[in-house]
Amino acid sequence: MNPLHLLPPERAHQLTLWALRHGLGPRQRFHHPALRTTLLGRELPCPIGLAAGAEKRGEALLGWSRLGFGMVEAGTVTPHPRPGNPSPRLWRVGKGGVVNWMGLPGAGIAPFVANLQAFHHQPERQQLLLGASIAAPDEEDAALTRLAAACAPWVDYLTLNASCPNLAHACTTDPTASARQQLAAAVAGADGVPVLLKLGPSRDVEAIARMVGGAMAAGAAGIVATNTLPWERRELADGLAFDWPQHHHNPVGGYSGPALLAISRFMVTQCRQRLGSGVPIIGVGGVQSGADAVSLLDAGADAIQLYSGLIYRGAGLLREIADALIVQGE
Ligand SMILES: Cc1cc2nc3c(=O)[nH]c(=O)nc-3n(C[C@H](O)[C@H](O)[C@H](O)COP(=O)(O)O)c2cc1C
């Protein structure tokens, strides 16, 4: 058992961040021709990324890059500090699963940008595809333009997180129109830095087609699929055998973990069919083994991201994925 799992989940994550900030994490680098990837015009040592939410403040970027990630999506950052939802708001569930109801807590844009700037001159920065995930809940779309403008000089890409299930407005019946407006606002501030749209989980072929088409029309440079699975859409996943966490007797949060893989694979396949080759797609959701990563790349993703797999498997998961990709490339 991972000794960190003796701690409550959020505490364990804080301790991990502290260790990474202080240079205490494991160090590994994957150098093999079969791993090299070109994404968004950059050469990456490997297509293995850290999903948004693990590095919300951009405070341990050096540590994450030394763990062997080829890509890190920092954030989601919001314009102003936010406390997020009341604790408890993060649960380990079932086999390899997590439900988070964090609600985008964070310190706001100023310390985030300061952290990006501090990392900018480190040699490790050159080895990493660095993204910033942005959202401006309860604010005008112009706030997204300002957020994008503040992050753009320091990152290789931006992702609009318009699919966080832990915000009151996020589960509207037609997210497409608002996401499109938000995208246009982010693109307006991005100064040419590519803006990707992160989608929520869906198995509705038409809805995915609408979202992807709308995203491209609004200036998106690519797609990240998928965000966590909210309780309301739990029937999309097979095998969710746990009691869903509740707050005041209401199920809360979004699920990450193995049961998401079939959905993310489906979405990546659909997005690739719609977009053809050449438009970047980052696959995320349920990658907890080398075979999982291979299957998501085979479905059409250019790179994968992970979060819950790291909680259960630690840095050894990156080594396993790298080995699987090398074997596949031979
Ligand atoms: C604790 C936690 C916090 C998260 N926060 C964010 C976030 O701020 N922004 C975002 O786009 N996704 C966030 N996510 C979703 C992940 O980026 C990812 O889409 C999801 O966990 C599925 O991948 P996984 O199965 O590899 O964990 C979060 C996930 C977890 C577990």
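Bear in mind that the values here come from a model prediction, so they are computed numbers and not experimental data. (Residues numbered from 1 in each chain as written. Predicted model: local features only at pLDDT ≥ 70, side-chain atom pairs only at ≥ 80, totals over all residues. Heavy atoms only, no water.)

(A) Up close: the sheet that holds strand β8 (residues 157–161). Sheet architecture is closed into a barrel: 8 strands sit in the order β3-β4-β7-β8-β9-β10-β15-β16, paired in parallel fashion. Strand-to-strand twist in this sheet, taken as the mean axis angle between neighbours without regard to direction, amounts to 25 degrees. Taken strand by strand, helix α3 (residues 109–120) contacts β4 (71–77) and β7 (129–134), and its axis lies near 160 degrees from that of β4. Packing of helix α7 (residues 261–275) onto the sheet brings it into contact with β9 (195–199), β10 (222–225) and β15 (281–284), and relative to β15 it is tilted by some 170 degrees. (Pairing = 2+ DSSP bridges. Helix = DSSP H or I, 4+ residues; strand = E, 2+ residues; numbered from the N terminus. Axes fitted to C-alpha atoms, helices over the stretch in contact; angles between N-to-C directions. Contact = heavy atoms within 4.5 Å.)

(B) Up close: the site of the ligand. Around the ligand lies a shell of 23 residues, among which Ala52, Thr76, Ser256, Gly286 and Ser308 are the nearest. In the model, an oxygen atom of the ligand is placed 3.0 Å from a nitrogen or oxygen of the Thr226 main chain. Measuring from an oxygen atom of the ligand, one finds a backbone N or O atom of Tyr307 at 3.0 Å. Protein chains bury 98% of the 610 Å² of accessible surface belonging to the ligand in isolation. Judged by the proximity of its atoms to the pocket grid, the ligand belongs to the largest pocket. Of the residues contributing to the shell around the ligand, the split by class is 9 nonpolar, 12 polar and 2 charged. (Near = heavy atom within 4 Å. Polar contact = N/O pair within 3.5 Å; in protein donor to acceptor, adjacent residues only side chain to side chain. Areas by Shrake-Rupley, 256 points an atom, 1.4 Å probe, with all protein chains shown as cover. 1 Å grid on protein atoms, 1.4 Å probe; cavity = no way out; pocket = protein on both sides within 12 Å on 5 of 7 lines; lining within 4 Å. Sits in = over half its atoms within 2 Å of the grid points. Nonpolar A, V, L, I, M, F, W, Y, C, P; charged D, E, K, R; others polar.)

(C) The arrangement of the pairing of β7 in detail. Most of β7 is tucked away, with 6 of its 6 residues classed as buried. Neither face of β7 is left uncovered, since the one carrying Leu129, Gly131 and Ser133 and the one carrying Leu130, Ala132 and Ile134 both have all their residues buried. As judged from the 6 bridges shared by β4 and β7, these two strands associate in the parallel manner. Pairing of Met71 across the sheet is with Leu129, part of β7. Alignment of β7 against β8, held across 4 bridges, turns out to be parallel. Bridge pairing in β8 places Ser133 opposite Thr159. This β-α-β element, β7 to helix α4 (residues 142–151) to β8, shows right-handed connectivity. (Buried < 20%, exposed > 50% of the residue type's maximum accessible area, 1.4 Å probe, protein only. Right-handed = clockwise from strand over helix to strand, strands pointing away.)

(D) View of empty space enclosed by the protein. Considering all chains together, one arrives at 2 cavities of 30 Å³ or more under this definition. Taken as a whole, the largest cavity spans an internal volume of roughly 60 Å³. When the residues that make up the lining of the largest cavity are grouped by side-chain class, the tally is 5 nonpolar, 4 polar and 2 charged. What the second largest cavity holds in volume is close to 40 Å³. Lining the second largest cavity are Leu20, Gly23, Leu24, Gly25, Pro26, Arg27, Gly63 and Arg66. (Points joined across faces, edges and corners; volume = space filled by probe spheres on them.)

(E) Representation of the sheet that holds strand β11 (residues 229–230) in the model. The strand order β5-β6-β14-β11 describes an open sheet built from 4 strands, whose pairing is antiparallel. Both edges of this open sheet fall to β5 (90–93) and β11, since each of them pairs with a single strand only. Summarising the sheet, strand β6 (residues 97–100) and strand β14 (residues 254–256) pair through 3 bridges and their orientation is antiparallel. Looking at β14, one finds that Val99 is bridged to Tyr255.

(F) Expanded view of the pattern of salt bridges. Going through the model one piece at a time under the given rule, you end up with 8 salt bridges. Linking Glu59 and Arg21 is a salt bridge whose minimum nitrogen-to-oxygen distance equals 2.6 Å. One end of the pair, Glu59, is in the loop between β3 (48–50) and α2 (61–66); the other, Arg21, is in helix α1 (residues 9–21), with 38 residues separating them in the sequence. Among the ionic pairs, Asp156 bridges to Arg42, the shortest N-O distance being 2.8 Å. (Salt bridge = Lys/Arg side-chain N within 4 Å of Asp/Glu carboxyl O.)

(G) Layout of unusual backbone geometry. A cis amide bond links Gly75 with the next residue in sequence, Thr76, at an omega value of 15 degrees. Mapping Thr76 onto the fold places it in strand β4. Residues Ala225 and Thr226 are joined by a peptide bond in cis, for which omega reads 25 degrees. The backbone of Asp138 shows a phi angle near 60 degrees, a positive value even though the residue is not glycine. Here Asp138 falls in the exposed class, since its relative accessible area comes to 72%. Phi at His249 is positive, roughly 70 degrees, even though this residue is not glycine. Mapped onto the secondary structure, His249 falls in the loop between β12 (246–247) and β13 (250–251). Taking relative accessible area as the criterion, His249 reaches 73% and is therefore assigned exposed.

Keep in mind that these numbers describe shape and distance, not what the molecule does.
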